[in-house]
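Results of the structural survey
Chain by chain, the residues:
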Amino acid sequence: MKEIKVKDILEICNATLIFGDLEQPCENFTKDTRQIEQGDVYIGLKGNNFNGSMLYEEALKQGAKVCIIENNNKINPYIEEKYKGTSIIVVKNTLEALQKIAIYKRSLYKIPVVAITGSVGKTSTKDMIASVLEQKYKVLKTQGNYNNHIGLPLTILKLKNHEILVVEMGMSELGEIKVLTNIAKPTISVITNIGTSHIGNLGSRENILKAKLEILEGMDNKGILVINNDNDLLNEWNKQNKRYITKTFGINNKSNTTAENIEKGETSSKITLKIEQETISCKIPVGGTAFVYNAICAATVGKIMEIEKEKIITGIENFELTKNRMDIIKNTKDITIINDSYNANYESMKNAIENLATIKAKRKIAILGDMLELGEHSKNLHERVGEEIIKNKIDILICVGKESKYIIKKVEEQKMNINNIYYFSTNEEAIKKIKLLLKPEDAILIKASNGMKFSEIVKEISK
């Protein structure tokens with residue numbers, strides 16, 4: 001393990017030591033006083049409604065050995081005597097300090113770093129890539145959706161005796177991935193697709209492509225870019241690309257890694273993977289086309305990292321999905337619940353509805369909420385979700401939220417043969433109706449942007 005000490009942080013961040021030991025090791029970092037374990041380094045970040053630097057005494061009380069805080073906070077004079085053996089470091093900006101320390105930590109590790117971005121499927125792709133790489137290497141990966149300017153550096157600071165780092169990079173504006181990639185310095189960059197997520201902020205899919213391609217700014221000339229060759233914008237970009245080494249994956253377009261003989265089931269799929277000159281068969285433990293693409297992508301990265309095909313199969317077949325993403329729950333009333341409540345954009349809505357359509361059930365019910373951050377494109381994209389409801393012959397549609405009324409209107413316009421259509425303005429109203437509607441052997445999809453708090457609905461109907 002490459003060790004960071006208090007003296008290193010002082011130099012890296014041009015910081016001031018209020019008191020403490022220059023040789024004090026700084027191993028585990030946290031921003032949350034509620035999660036502190038004995039010996040941790042607490043970094044007091046600012047939020048919209050709080051200043052973490054003011055909580056340094058609470059952090060010391062909970063067992064932190066080192067606190068990094070901003071210089072506009074007065075230190076109580078009794079602290080050094082009360083918490084002997086601890087250190088307090090003052091910096092100009094704790095967020096900048098966190099990122100600088102992560103950059104330094106990354107520089108200590110000459111290991112492969114796989115960075116994943118894209119409009120949809122980042123987390124599930126990350127999980128499957130990590131599962132494949134774990135068959136040969138000790139892997140550190142982003143936990144949950146720790147994919148932003150705070151989560152990514154905190155992930156890097158967890159590096160110990162790992163052999164590969166797998167990180168996810170999210171963004172909602174231009175310039176955000178540029179910051180992340182220059183911290184992580186990826187050796188392999190993955191772009192899952194270019195869709196419509198955050199189009200309200202960025203204005204067009206072309207600008208989304210530009211934002212995602214910022215991932216390349218932190219990768220050196222020997223790095224490899226892995227892209228979805230079936231995505232129209234990535235396919236066109238790659239035709240013009242003369243600078244970067246690329247490996248492609250896809251189903252429809254000729255690629256380095258492809259899938260054939262796809263057999264989709266309710267909760268899994270069987271595929272034949274063609275990786276360069278090798279052919280392997282495997283079973284994906286989650287249903288839906290999106291996870292076929294995840295598997296092809298993971299196999300591509302596995303091949304780059306020289307993992308044997310048998311281990312690639314094992315990694316794909318044993319991968320576990322992060323919670324709240326296509327979780328399939330059976331409640332006590334024999335109702336199948338597809339919990340995909342964490343986030344939503346048009347592409348992920350389409351994939352989830354298609355997956356619902358494959359499930360054998362007496363009735364297929366879609367409980368959908370608003371897709372956020374779509375701006376002037378919101379009406380059109382919600383209407384397109386309505387078209388997917390019609391195309392996939394969903395039996396009951398329940399929508400919640402201001403924007404999802406456009407889903408309802410599109411379905412009503414088409415005079416679809418749908419048994420029931422319901423619209424509610426709040427989750428509470430929807431929950432009351434849902435409980436009355438549900439019958440044994442129903443299959444339910446629950447999906448919306450995280451801001452809609454559809455986890456409330458999942459909790460109530462999972463009992």
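Note that the structure is a prediction, hence the values are computed from the model and not measured. (Residues numbered from 1 in each chain as written. Predicted model: local features only at pLDDT ≥ 70, side-chain atom pairs only at ≥ 80, totals over all residues. Heavy atoms only, no water.)

**Examining the overall build of the protein**
Summing up its helical and strand segments, the protein has 17 helices and 20 strands in all. Taking 23 Å as the expected radius of gyration for a compact globule of 463 residues, we find that the protein reaches 24 Å, a close match to that expectation. Judged by the C-alpha coordinates and their principal axes, the protein covers about 75 × 55 × 40 Å. Taking all 463 residues of the protein together, the buried fraction comes to 57%. For the protein, long-range pairs separated by at least 24 residues make up 64% of all intrachain contacts whose partners lie at least 6 apart in sequence. On the protein, roughly 20,800 Å² of surface is accessible, and the fraction owed to carbon and sulfur atoms is 45%. For the protein, the separation between the mean place of its 67 positive charges and that of its 59 negative charges on side chains is 1 Å. (Helix = DSSP H or I, 4+ residues; strand = E, 2+ residues; numbered from the N terminus. Rg over C-alpha atoms; globule rule 2.2 N^0.38 Å. Buried < 20%, exposed > 50% of the residue type's maximum accessible area, 1.4 Å probe, protein only. Contact = heavy atoms within 4.5 Å. Areas by Shrake-Rupley, 256 points an atom, 1.4 Å probe, with all protein chains shown as cover. Lys, Arg positive; Asp, Glu negative; His and termini not counted. Charge placed at Lys NZ, Arg CZ, Asp CG, Glu CD.)

**Here's the deal with the pairing of strand β5 (residues 87–91)**
Most of β5 is tucked away: 5 of the 5 residues are buried. Residue alternation in β5 divides its side chains into two sets, Ser87, Ile89 and Val91 and Ile88 and Val90, and both sets are buried. Where strand β4 (residues 66–70) lies against β5, 5 bridges are found, and the strand directions are parallel. Across the sheet, the residue bridging to Ile68 is Ile89, located in β5. (Pairing = 2+ DSSP bridges.)

**Structural notes on the nonpolar core**
If you look at the biggest cluster of nonpolar residues, it comprises 78 residues, and the most contacted ones within it are Ile9, Phe29, Ile68, Ile89, Met169, Leu368 and Leu397. It is helix α13 (residues 346–358) that contributes the most residues to this core, 5 residues altogether. Contacts of Ile89, omitting those with residues within four sequence positions, involve Val6, Ile9, Leu10, Ala15, Thr16, Leu17, Val66, Cys67, Ile68 and Ile69. Judged by nonpolar contacts, the second largest core, of 40 residues, contains Ala130, Ile275, Ile284 and Cys297. (Core = buried A, V, L, I, M, F, W, Y, C linked by side-chain atoms within 4.5 Å.)

**Considering the packing of helix α14 (residues 378–391) against helix α15 (residues 405–413)**
Helix-helix packing is described using two parameters, namely the angle between the two axes and the distance between the axes. It is the contact of α14 with α15, at a shortest axis distance of 7 Å, that shows an interaxial angle of 50 degrees. As the angle between them shows, α14 and α15 are arranged oblique. Handedness of the crossing formed by α14 with α15: right-handed. Judged by residue contacts, Lys379, His382, Glu383, Val385, Gly386, Glu387, Ile389 and Ile390 of α14 engage Tyr406, Ile407, Lys410 and Val411 from α15. (Axes fitted to C-alpha atoms, helices over the stretch in contact; angles between N-to-C directions. Parallel < 35°, antiparallel > 145°, perpendicular 65-115°, else oblique. Left-handed = near helix turned anticlockwise from the far one by under 90°.)

**Notes on the pattern of salt bridges**
Close approach of charged atoms lets side chains of opposite charge pair. Using the criterion set out here, one finds 22 salt bridges in the structure. One salt bridge connects Glu70 with Lys46, and the closest N-O pair in it is separated by 3.4 Å. Of the two residues, Glu70 sits in strand β4 while Lys46 sits in the loop between β3 (41–43) and α2 (56–62), which places them 24 residues apart along the sequence. You can call Glu70 buried: its relative accessible area is 7%. When the shortest N-O distance is used, the salt bridge between Lys435 and Glu460 registers 3.0 Å. With Lys435 in helix α16 (residues 427–437) and Glu460 in helix α17 (residues 455–461), the pair connects residues that are 25 residues apart, well separated along the chain. Taken together, the salt bridges that share partners define one network made up of Lys126, Asp127, Lys141 and Glu168. (Salt bridge = Lys/Arg side-chain N within 4 Å of Asp/Glu carboxyl O.)

**Remarks on the sheet that holds strand β18 (residues 396–400)**
If you walk across this open sheet you meet the 6 strands as β15-β16-β20-β17-β18-β19, and the pairing is mixed. The open sheet has two edge strands, β15 (327–330) and β19 (420–424), and neither has a second partner. In this sheet, adjacent strand axes meet at a mean angle of 15 degrees when their direction is disregarded. Pairing of β15 with strand β16 (residues 336–340) involves 4 bridges; the strand directions are antiparallel. If you follow Ile328 over to β16, its bridge partner there is Ile338.

**Examining the side chain of His198**
In this fold, His198 is placed in the loop between β9 (188–191) and α8 (199–202). At 3.0 Å, the side chain of His198 forms a polar contact with the backbone oxygen of Met171. If sequence neighbours within four positions are ignored, His198 has contacts with Met171, Ser172 and Glu373. (Polar contact = N/O pair within 3.5 Å; in protein donor to acceptor, adjacent residues only side chain to side chain.)

**Description of the packing of aromatic side chains**
Counted by the stated rule, this structure contains 2 aromatic pairs. Here Phe291 and Phe319 contribute two aromatic rings whose centre-to-centre distance is 6.5 Å and whose plane-to-plane angle is 40 degrees, an arrangement assigned as tilted. In this pair, Phe291 is assigned in helix α11 (residues 289–304) and Phe319 in the loop between α12 (309–317) and β15, connecting sequence segments 28 residues apart. The burial state of Phe291 is the same as that of Phe319; both residues are buried. Against the face of Tyr109 rests Lys2, its NZ or CZ located 4.6 Å from the ring centre. (Phe/Tyr/Trp six-rings, centres within 6.5 Å; stacked < 30°, edge-to-face > 60°. Lys NZ or Arg CZ within 6 Å of the ring centre and 35° of its normal.)

**A short note on helix α5 (residues 122–133)**
An α-helix turns once every 3.6 residues. As a result, residues three or four positions apart point the same way. With 12 residues, α5 extends 16 Å from end C-alpha to end C-alpha; this agrees with the ideal 16 Å at 1.5 Å per step. Of all 12 residues in α5, 12 are buried; the element is thus mostly enclosed. Restricting attention to buried positions, one finds in α5 the residues Lys122, Thr123, Ser124, Thr125, Lys126, Asp127, Met128, Ile129, Ala130, Ser131, Val132 and Leu133. (Expected span 1.5 Å × (residues − 1).)

**Some points on α15**
Among all positions in α15, only Tyr406, Ile407, Ile408, Lys410 and Val411 are buried. Packing partners of the buried residues in α15 comprise β17 (363–369), α14, β18 and β19.

**Brief notes about the packing of helix α1 (residues 6–13) against helix α4 (residues 94–107)**
Here α1 crosses α4 at 115 degrees, and the two axes come no closer than 10 Å. Taken together, the axes of α1 and α4 are roughly perpendicular relative to one another. α4 is crossed by α1, and the crossing has right-handed handedness. Counting all contacts with α1, which are made through Asp8, Ile9, Ile12 and Cys13, the residues of α4 involved are Ala97, Lys100, Ile101 and Tyr104. A per-class count over the contact of α1 with α4 returns 6 nonpolar, no polar and 2 charged. (Nonpolar A, V, L, I, M, F, W, Y, C, P; charged D, E, K, R; others polar.)

In short, the description is geometric, and any link to function would need to be established separately.
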